[in-house]
Amino acid sequence: REGPAVGLRVVMTSDRSGLIGQTSAVFDERIILRMADANDWSMVGVNPKDVPSSMPPGRALCPRSAGVLEAQIALLNPDPAGPAQVAALQAIGRSAAAEHGRPARARRPLRVDPLPVRITVDEVLALDPDFEAPVQPWALVGAGGDELEPLGVDLATGGPGFVVAGPPRSGRSTALLTMASSLLGADTPVLILTPRRSPLRALAGRPGCLAVLDADATDASVRAQLPTAGRFVVIVDDAELLYDGPLDGVLGEVLLRGRDGECALVAAGSADTLGTQYRGFVTDARRSRSGLLISPQGPAAGDLFGIRLPRDTGGGPAGRGLLLTSGEVAPVQVAL
């Protein structure tokens, strides 16, 4: 309804369900192929008596104010089979690419890709061979966007706090592991705190990993591992277990340093629990309004970051979430 005012038009294919409800009311132009039930023609304003007795594949009726036009869909290849038509379309695309080169995104047709159910880091990076991470510290999260592409967070501008929240077994630790690996791969030092058993402990000993500290970590042991200058990121899994504990002071100082420096803090925990905490380093981290909501349980999940989510928020496979950066929201599938 609002598209024509800004030059946006929609061409949509559908089965008979597209002829009923709100969707059908906004399409003035229709090309109707053979219907399975003769009574369905009345749904598009065509008298079943006006329908030809023979409608071969590709034959269509186009309702107009002056009457009904009969048309035959043209083929790109003499072979009417679907694979042959797709191959012909791909050949046109390859020919255009060879003649004109890869067009800039602004000149390419708008495309909306479905989010994958499962995707690895290598597969995410393969989506855009020309992709280069921005200035560090930048952490890869997964794949998303209208045209499926690598999505991540610039912790320098979107931080210094970044919160990963979701229900148990939703993929919080996996998201942290992906982000930590991305940072380490870009030579950004990382300090990891895991008060409970976590897959992040496998990063111990990897170049750039300052330390992996467990539930016995103290204020002094954390301070001993933090660089005095330069960029670094502190990653905390199961952050709700550190609430109102002895590490609040040093982790709060990391966030303060991050406002004017190159350091940041990434904390993950249960969305329900983090939403009830009103002081401490997680509350300070939430003020950046940047984070990842995995498997959000309805629109109210956005209250954690002070935003309102769409009504249809929720559901999806493990690792499906919403990436929030400075108040902007984008669907994302966390990379493995």
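Participant: Which residues make up the overall build of the protein chain, and what values do they have?
Facilitator: When helices and strands are counted, the protein chain shows eight helices and 13 strands. In terms of overall size, the protein chain is more extended than a compact globule, its C-alpha atoms giving a radius of gyration of 26 Å where 336 residues would be expected to give roughly 20 Å. The principal-axis extent of the C-alpha atoms belonging to the protein chain is close to 85 × 45 × 35 Å. In the protein chain, which comprises 336 residues, the share counted as buried stands at 40%. In the protein chain, once contacts between residues fewer than 6 apart in sequence are set aside, the share between residues at least 24 apart is 59%. Across the protein chain, the mean location of the 32 positive side-chain charges is 3 Å away from that of the 37 negative side-chain charges.

Participant: Which residues make up the sheet that holds strand E11 (residues 291-294), and what values do they have?
Facilitator: The strand order across the open sheet formed by ten strands is E5-E4-E13-E12-E11-E6-E10-E9-E7-E8, and the pairing between neighbours is mixed. On the outer flanks of this sheet lie strand E5 (149-154) and strand E8 (209-213), each paired with one strand and no other. With direction set aside, neighbouring strand axes in the sheet form an average angle of 25°. Two strands pair when backbone bridges link them, and strand E6 (residues 161-166) and E11 are joined in this way by three bridges, in the parallel orientation. Bridge pairing in E11 places Val164 opposite Leu292. The sheet strands contacting helix H4 (residues 172-185) are strand E4 (138-144), E5, E6, strand E7 (190-193), E8, strand E9 (232-236), strand E10 (263-270), E11 and strand E13 (328-334), and the helix crosses E4 at an angle near 125°.

Participant: How would you summarise the environment of Pro168 if you had to cite specific residues and measurements?
Facilitator: Looking at the secondary structure, you find Pro168 in the loop between E6 and H4. For the pair Pro168 and Gly258, spaced 90 residues apart in the sequence, the C-alpha separation amounts to 29 Å.

Participant: Describe the layout of surface pockets, naming the residues involved and giving the relevant values.
Facilitator: Roughly 980 Å³ of internal volume is contained in the largest pocket. Forming the walls of the largest pocket are 27 residues, and the residues nearest its centre are Val11, Met12, Phe27, Glu29 and Arg30. Taken together, the residues that form the lining of the largest pocket break down as 14 nonpolar, five polar and eight charged.

Participant: So what's going on with the pairing of E7? Residues and values would help.
Facilitator: The side chains of a regular strand alternate between both faces of the sheet. Side-chain alternation along E7 places Val190 and Ile192 on one buried face and Leu191 and Leu193 on a second face that is also buried. Two strands pair when backbone bridges link them, and E7 and E9 are joined in this way by four bridges, in the parallel orientation. Pairing of Leu193 across the sheet is with Val236, part of E9.

Participant: So what's going on with the sheet that holds strand E1 (residues 32-33)? Which residues, and what values?
Facilitator: With respect to topology, three strands assemble into an open sheet ordered E1-E2-E3, the strand pairing being antiparallel. At either margin of the open sheet sits one strand with a lone partner, and together these are E1 and strand E3 (67-72). Examined bridge by bridge, E1 and strand E2 (residues 59-64) share two bridges and lie antiparallel to one another. Bridge pairing in E2 links Leu33 to Ala60.

Participant: Could you give an account of the packing of aromatic side chains, naming the residues involved and the relevant values?
Facilitator: Scanning the entire structure with this criterion turns up one aromatic pair. Ring geometry for Phe131 versus Trp138: centroids 5.5 Å apart, planes at 50°, classification tilted. Residue classification places Phe131 among the partly exposed residues on the basis of a relative accessible area of 27%.

How each quantity is defined
Residues numbered from 1 in each chain as written. Predicted model: local features only at pLDDT ≥ 70, side-chain atom pairs only at ≥ 80, totals over all residues. Heavy atoms only, no water. Helix = DSSP H or I, 4+ residues; strand = E, 2+ residues; numbered from the N terminus. Rg over C-alpha atoms; globule rule 2.2 N^0.38 Å. Buried < 20%, exposed > 50% of the residue type's maximum accessible area, 1.4 Å probe, protein only. Contact = heavy atoms within 4.5 Å. Lys, Arg positive; Asp, Glu negative; His and termini not counted. Charge placed at Lys NZ, Arg CZ, Asp CG, Glu CD. Pairing = 2+ DSSP bridges. Axes fitted to C-alpha atoms, helices over the stretch in contact; angles between N-to-C directions. 1 Å grid on protein atoms, 1.4 Å probe; cavity = no way out; pocket = protein on both sides within 12 Å on 5 of 7 lines; lining within 4 Å. Points joined across faces, edges and corners; volume = space filled by probe spheres on them. Nonpolar A, V, L, I, M, F, W, Y, C, P; charged D, E, K, R; others polar. Phe/Tyr/Trp six-rings, centres within 6.5 Å; stacked < 30°, edge-to-face > 60°.

These figures come from the coordinates and say nothing about function on their own.
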